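# Structural overview
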Amino acid sequence: MGQEQTDPAQLVIVLVGGETKLPGDRQEALRADTPVACLILSTPAPDAIQNTNVQALVSMAQHQGIAVLTSNDEHMAKELSADGVHLSPNEEPITERYARSREMLGTDLIVGVEVGTSRHDAMALAEAGADYVAFGVPSESLSQERARERQRELVAWWAEVFQPPCVALDIMDHEQAGEFAELGADFVARALPNGLADTELKQWLSDAQNALTPSVHCD
């Protein structure tokens with residue numbers, strides 16, 4: 001992302017909790033023509049790495065040209081032959097976590113980092129070589145409204161000034177996704193809804209992508 005965004009934002013799907021064990025019909029929905037740039041897999045139970053459904057999901061996504069990242073788990077990324085890892089804040093300084101993760105995975109795999117609300121960390125990580133920086137709404141924020149406004153400020157600032165891609169996290173609906181795409185986010189991350197039938201899921205994916213296209217917004 002440079003001074004001016006010429007391409008529409010791309011869709012990132014976050015699979016949380018048990019959703020890493022997608023049934024076959026939901027995997028089929030991700031085979032649709034709707035472009036998905038990346039899947040972020042939350043860490044399943046330790047024995048789930050051996051689950052053939054998880055491995056099938058990774059293989060299917062990669063065959064479709066979709067990058068697959070594990071959340072905060074470099075070992076699982078290696079076990080699943082995923083494309084890299086997505087790091088989110090914890091008690092360890094995020095710049096140190098990035099350095100350790102990069103050392104473990106090398107330069108061929110993706111290491112993207114959620115930076116919370118720190119401009120300093122975002123700039124330091126971009127300089128260190130992070131493949132993307134991500135701005136979200138921390139769950140511990142006292143004011144979710146203020147945290148969301150801070151996220152808007154950070155995405156717009158980053159899009160205006162910096163080259164490395166940025167990801168908008170914790171997006172709640174299609175309208176909000178369109179808003180962050182217009183602010184300049186290169187990628188918009190959405191949690192895959194639960195309880196949708198196959199046809200409903202395909203429609204949701206289509207609407208989610210359309211929301212990222214300029215001048216097109218879905219309710």
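Just above, that's the structure.
Read on for an overview of the structure. Here the structure is a predicted model, which means the values were calculated and not measured.

What the rule picks out here adds up to six salt bridges. In this structure, the salt-bridge partner of Arg152 is Glu149, at a minimum N-O distance of 3.2 Å. Separated by three residues within a single helix, Arg152 and Glu149 lie in helix 6 (residues 144-161), roughly one turn from each other. The residue Glu153 makes a salt bridge to Arg150 at a minimum N-O spacing of 3.9 Å. Placement of the pair is Glu153 and Arg150 together in helix 6, with a separation of three residues, close to one helical turn. In this structure Glu153 comes out as partly exposed when scored by relative accessible area, which is 29%. We classify Arg150 as partly exposed; its relative accessible area is 22%. One network of salt bridges, in which partners are shared, links Arg146, Arg150 and Glu153.

Here the focus is helix 7 (residues 174-183). If you check which residues of helix 7 are buried, you get His174, Gln176, Ala177, Gly178, Phe180 and Ala181. Summarising the contacts, the buried residues of helix 7 are in contact with helix 6, strand 7 (166-168), strand 8 (187-191) and helix 8 (198-210). The opening residue of helix 7 is Asp173, an N-cap whose side-chain oxygen sits 3.3 Å from the backbone nitrogen of Glu175.

Conventions used here
- Residues numbered from 1 in each chain as written.
- Predicted model: local features only at pLDDT ≥ 70, side-chain atom pairs only at ≥ 80, totals over all residues.
- Heavy atoms only, no water.
- Salt bridge = Lys/Arg side-chain N within 4 Å of Asp/Glu carboxyl O.
- Helix = DSSP H or I, 4+ residues; strand = E, 2+ residues; numbered from the N terminus.
- Buried < 20%, exposed > 50% of the residue type's maximum accessible area, 1.4 Å probe, protein only.
- Contact = heavy atoms within 4.5 Å.
- Polar contact = N/O pair within 3.5 Å; in protein donor to acceptor, adjacent residues only side chain to side chain.

These figures capture arrangement, not role.
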